[in-house]
Each structure stands twice: as structure tokens, then as C-alpha cells.
Amino acid sequence: MTEKFKIDDVAKEVGLTKRTLRYYEELGLLSPPERSEGGIRLYTQEHIDRLKRLINARDVLGFSLQELQRYVTITEELESHRHGYRQLSEEADKKQKLLELEPVVRNQLEILNEKLEKMIQMRDEIQQFHERVQAAIDRMNGQGN
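Residues numbered from 1 in each chain as written. Predicted model: local features only at pLDDT ≥ 70, side-chain atom pairs only at ≥ 80, totals over all residues. Heavy atoms only, no water.

## Focus: the overall build of the protein chain
Test applied: Strands are runs of DSSP state E lasting at least 2 residues, helices are runs of H or I lasting at least 4, and numbering of each runs from the N terminus. It is over C-alpha atoms that the radius of gyration is taken, and the globule rule equals 2.2 Å times the number of residues to the power 0.38. The classification of residues rests on relative accessible area computed with a 1.4 Å probe and restricted to protein chains. Under 20% of the type maximum is buried, over 50% is exposed, and intermediate values are partly exposed. Two residues form a contact once any of their heavy atoms are found within 4.5 Å. All accessible areas in this document rest on Shrake-Rupley with a 1.4 Å probe, and a residue is counted as covered only by the protein chains that are shown.
A count of helical and extended segments in the protein chain gives five helices and two strands. Ordering the α and β elements of the protein chain from the N terminus gives α-α-β-β-α-α-α. Taken over the C-alpha trace, the protein chain has a radius of gyration of 23 Å; the compact-globule value for 145 residues is 15 Å, which it surpasses by more than 25%. With 145 residues in all, the protein chain has 26% of them scored as buried. Within the protein chain, contacts between residues at least 6 apart in sequence are counted, and of these 55% link residues at least 24 apart. For the protein chain, the exposed surface amounts to about 10600 Å²; the carbon and sulfur share of it is 51%.

Given below as C-alpha cells:
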């Protein structure tokens, strides 16, 4: 039997509030867990693992909720393709699955590259501003002598 976790336990484990967990479920970022006879949400380890991936994408990649939804959809599609690929034994079937998988992987790379380009642009702007601030400090230090 798969171990089940109550919302309090999941919230503590992943560092989110119960309200955020329910909101992620409402948005479709998290599949609805089964419920006990009393209506209590019963999460699985898969829910926890998915939440950790979402948090990682949000924190490390700086994804908005909309970007997270897009990212999760593609990640799920990738997982589905990978699982399907492993079940195939015929070379022709494997090739077809790879042809289906390639645009999905390319799409995910495009998402990450877009985010990376924005981050690089932001870093460059801050770097230029820092250089101007430093130059102004250096000029003031030179005038004070």
C-alpha cells in the first residue's frame, strides 16, 4: 500500500502553506489527491516529488505560475514519452516515439533558453549600472584629495 500524507505533512515537507498547496491544485499544477472518507486530502510521494520540482523551477529558474504550468505540462509529456519508449521493443516504434519526443524536448529547451536570455540581459543591465556607480565613486574619491 502506498503511503499517504496529510496536507499539514506535505506543507512542512516542501515548505509551502496549505493554502498554496490548494491553490496549486486549483491551477492544475498539482493533481487532486484522493480523499479520505472524511474528505481529508491524502497526498502520495509522487505529489511531494512533483511539488519539489515545481518549487525548484520556481526558485532556481524564476518561473511565474503561468510559466510553471507550461513547464509542468511539457515535463509530464516528456515523462509519458520516456515511459512509452521503454515499453517498445520494435525499432520502427522506437524511432516513431523519438520523432514524437524531439519537438517536446526542443520546446522545453526553448523555454529555458528564453528564461536564460532574460536573466543574462538583466545581469548585463545591472553590471553596467554597477560600473557607472563604481566610476562615480572613483571620481569622487579622486576629487576629495
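Now, onward.
## Some details on a nonpolar patch on the surface
Rules: Here the term patch refers to residues with relative accessible area over 30% and no salt bridge, with like charges joined within 9 Å and nonpolar side chains (Val, Leu, Ile, Met, Phe, Trp, Tyr) within 5 Å. Salt bridges are defined by distance alone: a side-chain nitrogen of Lys or Arg within 4 Å of a carboxyl oxygen of Asp or Glu.
A cluster of nonpolar side chains, Phe129, Val133 and Ile137, forms an exposed patch at the surface whose accessible area comes to about 260 Å². Examined against the element boundaries, valine 133 turns out to sit in helix H5 (residues 91-143). For valine 133, a relative accessible area of 34% gives the class partly exposed.

## Description of the pattern of salt bridges
Per the counting criterion, the structure on display carries nine salt bridges. Across the salt bridge formed by arginine 106 and glutamate 102, the nearest N and O atoms sit 2.7 Å from each other. Linking arginine 106 with glutamate 102, this pair stays in helix H5, spanning four residues, or about one helical turn. For arginine 106, a relative accessible area of 39% gives the class partly exposed. For glutamate 102, a relative accessible area of 41% gives the class partly exposed.

## Observations regarding the confidence of the model for the protein chain
For the record, the criterion: Think of pLDDT as the predictor's per-residue confidence, scored from 0 to 100.
Taken over all residues, the pLDDT of the protein chain has a mean of 88, while the share at 70 or more is 99%. Mean pLDDT across the elements of the protein chain bottoms out in helix H4 (residues 65-87) (80) and peaks in helix H1 (residues 7-14) (96).

## Observations regarding H1
Along an α-helix, residues three or four apart share an orientation, since each turn contains 3.6 residues. Applied cut-off: Summarising the geometry, the arc corresponds to the directions from the helix axis toward the C-beta atoms.
Residues of H1 that are buried: Ile7, Val10, Ala11 and Val14. Along the axis of H1, the buried residues cluster in a sector spanning 100°; they form a single face. Contact partners of the buried residues in H1: helix H2 (18-27), strand S2 (41-42) and helix H3 (45-61). Immediately beyond the C-terminal end of H1, within one or two residues, lies glycine 15, with a positive phi of roughly 80°.

## Observations regarding the nonpolar core
In plain terms, the rule: Here, the term nonpolar core denotes a set of buried Ala, Val, Leu, Ile, Met, Phe, Trp, Tyr and Cys residues that are joined through side-chain atoms within 4.5 Å.
Among the nonpolar cores identified, the biggest contains 25 residues, and Val10, Val14, Leu21, Tyr24 and Leu51 are the most heavily contacted of them. Elements represented by at least two residues in this core include exactly H1, H2, H3, H4 and H5. Among all residues touching valine 14, those that are not within four sequence positions of it are Leu21, Ile48, Leu51, Lys52 and Ile55.

## Here's the deal with the packing of H1 against H3
The description of two helices packed together rests on the angle between their axes and the distance between the axes. Cut-off, in case you're wondering: Axis lines are fitted to C-alpha atoms, over the contacting stretch for helices. Their N-to-C directions set the angle, which ranges from 0 to 180 degrees. Handedness of a helix crossing follows the sense of rotation of the near helix relative to the far helix, less than a right angle counterclockwise being left-handed and clockwise being right-handed. Any residue outside Ala, Val, Leu, Ile, Met, Phe, Trp, Tyr, Cys, Pro, Asp, Glu, Lys and Arg is labelled polar, Gly included; the first ten of those are nonpolar and the last four are charged.
Where H1 meets H3, the axes come as close as 10 Å, and the angle between the chain directions of the two elements is 35°. The two elements H1 and H3 cross, and the hand of that crossing is right-handed. For the pair formed by H1 and H3, the contact residues are Val10, Glu13 and Val14 on the first element and Ile48, Leu51, Lys52 and Ile55 on the second. Of the residues that constitute the contact of H1 with H3, the class distribution is five nonpolar, no polar and two charged.

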